[in-house]
Structures are given as structure tokens and as C-alpha cells.
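Structure at a glance
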Amino acid sequence: IRLHVPIPEGFTITTWAFLHVLEVNHLAGDIEEAVRRLDAGDEGPIHDIARRLRQATIPRDLARAIRRSVARLGPESRLRLAVRSSALGEDQDLSFAGQYATVLDTPPASVADAYRQVLASLYSPQAVGYRKASGMPAAGLMAVACMRMIPAATSGVLYTVDPNRPRSGEMILGIARGLADRAVQGDQSMAHC
């Protein structure tokens, strides 16, 4: 089915790129150990993995591909991007709402830093625990979507089921002035429908 709904221009940084970052930064084995230690109640190593990802070296070929993809979206002077998670299992049967990072209003020169921040969010103790409890691989796999933003006077989010009262038959519409992250974080006017 084609809905013909307009969507903003953008690109995806693939799961292959994520694995490439792990390889270049020698993180794969350390992630397995950090997950094992998290199971034993030690959160320190998993926090260290997130810190190392926020500071990770982006391989030259990947950095070049990101710069080219950003350049295709238009002049840098007015371009701002939403850099958001697209992890394995996200937005399907499971809800990772609020567990993975989204970096809004990202200027072109900061896309690599925003990318690192999104990758690091895969390794919060809460996200790892949720994946494990849901029967998914604890280590996780992350792609990242980068989409052109428009200046937002007002933004919103629609929950088609009230997460606090799922059997109520009500939806929640959150509205905020400015960027949508304020609506998702609860800084908004709420309407139950």
C-alpha cells in the first residue's frame, strides 16, 4: 500500500556502520563482558561502554559517507537534522520509548557527535535490561535515521493508547511550543481523546 504521505528528506546510517564503529574501536568483546557483569549487578562496565561510544572514532570511510549524505540535503547555513535511533525491535511489538537518544536541531557539523550519542544510548542499563527481558540480544544493534527538520512553531506526539491506562480506550495528544522533544518528555499540554 502506498499512502503518498510526504516525509522529510534524510538518510540512514546502517547497522553495518554501527558494527564498523564497534570493530574500529575494539568494543565488541568489551560489550559482551559488560553485559555479563550487568547481569551480576555491576553497572560500571556498561556505563563505560556508553562513555566510550560517545567518544568513539568514526572510521574515515563512514565519516566521509555521512558528510556526503548531509551535503546532498542542501546548503549548510539553514540545514538542521533530527538524528534518531532505529534499533532492532524498536517501534514494532516492543516500546523503547525514552530509552534511546534523539538529537534534534543538529547542525551539519555536529551529525557525527549526535550519531555517537545515539549509539551510546543503546547501552544504558535500562535499555540492556529491557532487551534481555524481551528475549532480544542484550548487546543490541543500532541504525540511525538522519532527517531534515523544519522550524517548528508547535510540535506534538500522539499516543494511540494511554500508556498509563491501556484499557481505557483513550488516546493522548501532547502538544508543545517549539520542538517535539518537549512534548515527548512531558513538557506540554495534554488532551485525552
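Residues numbered from 1 in each chain as written. Predicted model: local features only at pLDDT ≥ 70, side-chain atom pairs only at ≥ 80, totals over all residues. Heavy atoms only, no water.

**A closer look at the pairing of strand E6 (residues 172-177)**
We apply this condition: A 1.4 Å probe rolled over the protein chains alone gives each residue an accessible area, and that area as a share of the maximum for its type sets the label: buried under 20%, exposed over 50%, partly exposed in between. Helix and strand assignments follow DSSP, with helices taken as H or I runs no shorter than four residues and strands as E runs no shorter than two, numbered in order from the N terminus. DSSP bridges decide pairing: two strands pair if at least two such bridges lie between them.
The alternating pattern of E6 places Ile172, Gly174 and Ala176 on a buried face and Leu173, Ile175 and Arg177 on a face that is not buried. Here strand E5 (residues 154-159) runs beside E6; their pairing, made up of six bridges, is antiparallel. Looking across to E6, one finds that Leu158 is bridged to Leu173.

**Brief notes about the pattern of salt bridges**
Our working rule: Salt bridges are defined as contacts in which a side-chain nitrogen from Lys or Arg sits within 4 Å of a carboxyl oxygen from Asp or Glu.
Inspection of every chain in the model, using the stated rule, returns nine salt bridges. Across the pair Arg37 and Asp42 runs a salt bridge, and its minimum N-O distance is 2.5 Å. Assessed through its relative accessible area of 33%, Arg37 is described here as partly exposed. A residue is classified by how much of its surface remains accessible, and Asp42, at 27% relative accessible area, is partly exposed. Notably, a salt bridge pairs Arg51 with Asp48, separated by 2.4 Å at the nearest N-O pair. A residue pair is termed a helical-turn pair when its members lie 3 or 4 positions apart in one helix, as Arg51 and Asp48 do in helix H3 (residues 44-54) at three residues. For Arg51, a relative accessible area of 35% gives the class partly exposed. Here the salt bridges do not stand alone but share partners, grouping Asp30, Asp48, Arg51 and Arg52 into one network.

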